[in-house]
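Results of the structural survey
Below, each chain spelled out in residue letters.
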Amino acid sequence: MVNRIILNGTSYFGYNSREKLLDEISAGKYKKVFFVTDQALLKAGVADKVLDLLKHQQIPFELYADIKPNPNVKNVQEGLELLRRSNADLIVAVGGGSVI
């Protein structure tokens, strides 16, 4: 089952929820993704499942995977600066509370 939550953005969770990502990108006519995750999810191959979708569809993305558990202000500011420099128009986060 795929669940959808809309707050200030849209969140999907559940089995195969990543499949909804391409629909969201297409509907929003987004041009570049700022992809946020952490090192543990990269090493476990979890983030790769989404990255592979982006690569397969040739959707440009910038990867930020230096999120720390319970990120401090410096960590958040670093990510924000990289987001600004990336010129991405969509943020995709894969992970738990610290990443989101």
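Our subject is the structure listed above.
We now turn to the structure provided with this report. This one's a predicted model, so the numbers in the text were calculated from it and none came from an experiment. (Residues numbered from 1 in each chain as written. Predicted model: local features only at pLDDT ≥ 70, side-chain atom pairs only at ≥ 80, totals over all residues. Heavy atoms only, no water.)

Notes on the pairing of strand E5 (residues 90-93)
- The side-chain alternation of E5 yields one buried face, formed by Leu90 and Val92, and one unburied face, formed by Ile91 and Ala93.
- In this structure, strand E3 (residues 33-36) lies alongside E5, joined through 4 bridges in parallel fashion. Looking across to E5, one finds that Phe35 is bridged to Val92. (Buried < 20%, exposed > 50% of the residue type's maximum accessible area, 1.4 Å probe, protein only. Helix = DSSP H or I, 4+ residues; strand = E, 2+ residues; numbered from the N terminus. Pairing = 2+ DSSP bridges.)

Remarks on helix H3 (residues 46-56)
- Among all positions of H3, only Ala47, Val50, Leu51, Leu53 and Leu54 are buried. The arc that holds every buried residue of H3, seen down its axis, measures 150 degrees, which confines them to one face. Seen from the open side of H3, the exposed residues pointing more than 90 degrees away from its buried face are Lys55 and His56.
- Packing partners of the buried residues in H3 comprise helix H1 (21-28), E3, helix H2 (39-43), strand E4 (61-64) and E5.
- Gln58 lies just past H3 and shows a positive phi near 55 degrees. (Arc of directions from axis to C-beta. Contact = heavy atoms within 4.5 Å.)

Here's the deal with the sheet that holds E3
- Strand order in the open sheet made by the 3 strands is E4-E3-E5, with parallel pairing throughout. Every other strand in the sheet has two partners, leaving E4 and E5 as the edge strands with one partner each. Averaged over neighbouring strand pairs, the angle between their axes works out to 20 degrees when direction is ignored.
- Strands E3, E4 and E5 of the sheet are contacted by helix H4 (residues 73-86), whose axis makes an angle of about 170 degrees with E4. (Axes fitted to C-alpha atoms, helices over the stretch in contact; angles between N-to-C directions.)

What about H4?
- Over its 14 residues, H4 runs 20 Å from end to end, which matches the ideal 20 Å to within 8%, given 1.5 Å per residue.
- Taken together, the buried positions of H4 are Asn75, Gly79, Leu83 and Ser86. Each buried residue of H4 sits inside an arc of 75 degrees when the element is viewed along its axis, so together they form one side. Facing away from the buried side of H4, by more than 90 degrees, are the exposed residues Val73, Lys74, Gln77, Arg84 and Arg85.
- Tucked into the core, H4 has its buried residues touching E3, E4 and E5.
- Of the residues that open H4, the one with a side-chain oxygen 3.2 Å from the backbone nitrogen of Lys74 is Asn72.
- Asn87 occupies a position one or two residues after H4 and carries a positive phi of about 60 degrees. (Expected span 1.5 Å × (residues − 1). Polar contact = N/O pair within 3.5 Å; in protein donor to acceptor, adjacent residues only side chain to side chain.)

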